[in-house]
Amino acid sequence: MKQMKNNIVLIGMPGVGKSTIGVILAKILGYRFVDADLLIQEREGKLLKEIIAEQGIDGFVRIENDVNASIQCEKTVIATGGSVVYGTEAMEHLKEIATVVYLELELPALKRRLGNLKKRGVVLKENQTLAGLYAERVPLYKKYADITVNEHRKTIEKTIETLVDVLEEEYGVDV
């Protein structure tokens, strides 16, 4: 049986449902819920898209790394922004305090779910496509994940059920 840390961090591409799944999972486990993107907006007093517009992608990633590296909590589900994996310090810290869950979704399904990427505050380099971003990030998500849940053809409910099953079977979490 694997040792479960007393926090859970959700990572994955924008649109995979990290925030939605995080809220429901926190209720099921009796944990708190934290949305890291909201922590960033709170600290900076600006929307993500405003931070990206003013600071550029590198500036945003620095801020995101700093905020995520400073999260201190117990019994909390943390939904991160899709670009959290660019921050080495943040990911090392999150792996230390939490079991990291990668919510995996294939590119075609992701394209269907995502509308306007800029409006969502998605960190895209100039001329970068969603496919390019996906290819860049997936190896990082896999590198940091303790658990991977493939969402292919799964509803939010089924994804959560699958994750809870893994937590019960592999980590002995009493749900």
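Residues numbered from 1 in each chain as written. Predicted model: local features only at pLDDT ≥ 70, side-chain atom pairs only at ≥ 80, totals over all residues. Heavy atoms only, no water.

When you go through the protein chain residue by residue, the secondary structure sums to seven helices and five strands. Taken over the C-alpha trace, the protein chain has a radius of gyration of 15 Å; the compact-globule value for 175 residues is 16 Å, and the two agree within 12%. Based on the C-alpha atoms only, the size of the protein chain along its principal axes is roughly 45 × 35 × 25 Å. Per-residue burial over the protein chain gives 51% buried out of 175 residues. Within the protein chain, contacts between residues separated by at least 24 positions form 73% of all contacts whose residues are at least 6 apart in sequence. Entry remark: accessible area of the protein chain is about 8800 Å², with carbon and sulfur atoms responsible for 49%. One finds the centroid of the 24 positive side-chain charges in the protein chain at a distance of 5 Å from the centroid of its 26 negative side-chain charges. (Helix = DSSP H or I, 4+ residues; strand = E, 2+ residues; numbered from the N terminus. Rg over C-alpha atoms; globule rule 2.2 N^0.38 Å. Buried < 20%, exposed > 50% of the residue type's maximum accessible area, 1.4 Å probe, protein only. Contact = heavy atoms within 4.5 Å. Areas by Shrake-Rupley, 256 points an atom, 1.4 Å probe, with all protein chains shown as cover. Lys, Arg positive; Asp, Glu negative; His and termini not counted. Charge placed at Lys NZ, Arg CZ, Asp CG, Glu CD.)

Residues Ile147 and Val149 point to one face of strand E5 (residues 147–150) and are all buried, whereas Thr148 and Asn150, pointing to the other face, are not buried. Here strand E4 (residues 99–104) runs beside E5; their pairing, made up of four bridges, is parallel. Within the sheet, the bridge partner assigned to glutamate 104 lies in E5 and is asparagine 150. (Pairing = 2+ DSSP bridges.)

This brings us to a negative patch on the surface. Together, Asp165, Glu168, Glu169 and Asp174 make up a negatively charged patch on the protein surface. Its location among the elements puts aspartate 165 in helix H7 (residues 156–171). With a relative accessible area of 31%, aspartate 165 lands in the partly exposed category. (Patch = residues over 30% accessible without salt bridge, like charges linked within 9 Å, V, L, I, M, F, W, Y side chains within 5 Å. Salt bridge = Lys/Arg side-chain N within 4 Å of Asp/Glu carboxyl O.)

Judged by nonpolar contacts, the single largest core of 53 residues is most densely connected at Ile8, Ile11 and Leu167. With residues near it in sequence (within four places) discarded, leucine 167 still touches Met4, Ile8, Leu25, Leu29, Ile147, Gly172 and Val173. (Core = buried A, V, L, I, M, F, W, Y, C linked by side-chain atoms within 4.5 Å.)

Quick look at the sheet that holds strand E2 (residues 32–35) now. Across the sheet, five strands lie side by side as E2-E3-E1-E4-E5; this open sheet has parallel pairing. For this open sheet the edge positions go to E2 and E5, each flanked by a neighbour on one side alone. Neighbouring strand axes in the sheet, compared pairwise and without regard to direction, differ in orientation by 20° on average. Bridge count for strand E1 (residues 7–11) against strand E3 (residues 76–79) is four bridges, and the pairing is parallel. Along E3, the bridge assignment pairs leucine 10 with alanine 79. The strands that helix H2 (residues 36–44) touches are E2 and E3; relative to E2, the one it contacts most, it runs at about 60°. (Axes fitted to C-alpha atoms, helices over the stretch in contact; angles between N-to-C directions.)

Assignment of secondary structure puts arginine 137 in helix H6 (residues 130–144). With relative accessibility at 1%, the residue arginine 137 sits in the buried group. Linking arginine 137 and asparagine 65, residues 72 residues apart in sequence, is a C-alpha distance of 15 Å. Ignoring any residue separated from it by four or fewer positions in sequence, one finds arginine 137 in contact with Met13, Pro14, Gly82, Ser83, Tyr86 and Val123. Among the polar contacts listed, one links the side chain of arginine 137 to the side chain of tyrosine 86, at a separation of 3.2 Å. (Polar contact = N/O pair within 3.5 Å; in protein donor to acceptor, adjacent residues only side chain to side chain.)

Looking now at the pattern of salt bridges. Going through the model one piece at a time under the given rule, you end up with seven salt bridges. With a closest N to O distance of 2.8 Å, lysine 2 and glutamate 170 form a salt bridge. Here lysine 2, found in the segment before E1, pairs with glutamate 170, found in helix H7; they are 168 residues apart in sequence, far enough to count as distant. For glutamate 170, a relative accessible area of 33% translates into the label partly exposed. Of the charged contacts in the structure, one is a salt bridge between glutamate 136 and lysine 125, with a shortest N-O distance of 2.9 Å. One end of the pair, glutamate 136, is in helix H6; the other, lysine 125, is in the loop between helix H5 (107–113) and H6, with 11 residues separating them in the sequence. A relative accessible area of 42% places lysine 125 in the partly exposed class.

Honestly, it's all geometry; don't read function into it.
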